[in-house]
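Summary of structural features
What follows is each chain in one-letter form.
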Amino acid sequence: MSQVPNLDPTLAHINPSAAQAARYLALDPERPVVFVNLHEYHERAQYAPNYSGAGGPADVSGKEAYHRYLRTLEAIHARVGAKMVIAAGCDVVMVGGGNWHEVVITYYPTRAIAMQLAAFPEYEAAVPHRVAGLKSVLALALDEHALDYLPSLRTP
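What you are looking at is a predicted structure, and each value in this text was computed from that prediction instead of being measured.

Helices and strands together make up the secondary structure of the protein, namely four helices and four strands. In terms of overall dimensions, the protein has a C-alpha envelope of 45 × 35 × 30 Å along the principal axes. Within the protein, the proportion of its 156 residues that are buried is 38%. The contacts in the protein between residues at least 6 apart in sequence include a share of 69% that link residues at least 24 apart. Within the structure as shown, the protein displays about 9,100 Å² of accessible surface, and the carbon and sulfur contribution to it stands at 56%.

What follows concerns the layout of surface pockets. The space that makes up the largest pocket amounts to roughly 1,400 Å³. Lining the largest pocket we find 44 residues, and of these I14, N15, P16, M115 and R130 sit closest to its centre. Elements that contribute at least two residues to the lining of the largest pocket include exactly α1 (18-25), β1 (33-41), α2 (62-80), β3 (102-108), α3 (111-116), α4 (121-133) and β4 (134-142). Per-class residue counts for the lining of the largest pocket are 31 nonpolar, seven polar and six charged.

Glancing now at the sheet that holds β4. Judged by pairing direction, the sheet is antiparallel, and its four strands sit side by side in the order β2-β3-β1-β4 without closing on themselves. Taken across any chain shown, the strands that pair with only one partner, and hence form the sheet edges, are β2 (83-89) and β4. Averaged over neighbouring strand pairs, the angle between their axes works out to 15° when direction is ignored. Pairing of β2 with β3 involves six bridges; the strand directions are antiparallel. Counterpart to A88 in the pairing with β3 is V103.

Conventions we followed
Residues numbered from 1 in each chain as written. Predicted model: local features only at pLDDT ≥ 70, side-chain atom pairs only at ≥ 80, totals over all residues. Heavy atoms only, no water. Helix = DSSP H or I, 4+ residues; strand = E, 2+ residues; numbered from the N terminus. Buried < 20%, exposed > 50% of the residue type's maximum accessible area, 1.4 Å probe, protein only. Contact = heavy atoms within 4.5 Å. Areas by Shrake-Rupley, 256 points an atom, 1.4 Å probe, with all protein chains shown as cover. 1 Å grid on protein atoms, 1.4 Å probe; cavity = no way out; pocket = protein on both sides within 12 Å on 5 of 7 lines; lining within 4 Å. Points joined across faces, edges and corners; volume = space filled by probe spheres on them. Nonpolar A, V, L, I, M, F, W, Y, C, P; charged D, E, K, R; others polar. Pairing = 2+ DSSP bridges. Axes fitted to C-alpha atoms, helices over the stretch in contact; angles between N-to-C directions.

Structure, rendered in structure tokens:
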């Protein structure tokens, strides 16, 4: 897990920087991780002009476009032992900034598994929905102590 993935600089608003990816990849790949993602969606999905329509029409909300991606991700999660803990709307930002519409919390049994999602062919096919839906992301990778508060996710 030592190689930094090739990150598209045009998607810096929704992808980690090379430095952020390198810091993540330097962590123990066999430890569990819980991701907390704050999402801001485009009002209307921003599909690329060459979008083929695979997965549904382009004229949908950004949230619907992202949730197309999320449904694919959930199917992959089931195969690798990962689990979406919560996906819930955000009523109001109480402290700090941002215009966050939804919080998605996901558990991965290892950090390595989280980084291997892109190897699944269906993941690559779902990425256009992620890109079309997300306007901005704040993603936090929590250490395994998050599982102290999510005991049902701990594996023996």
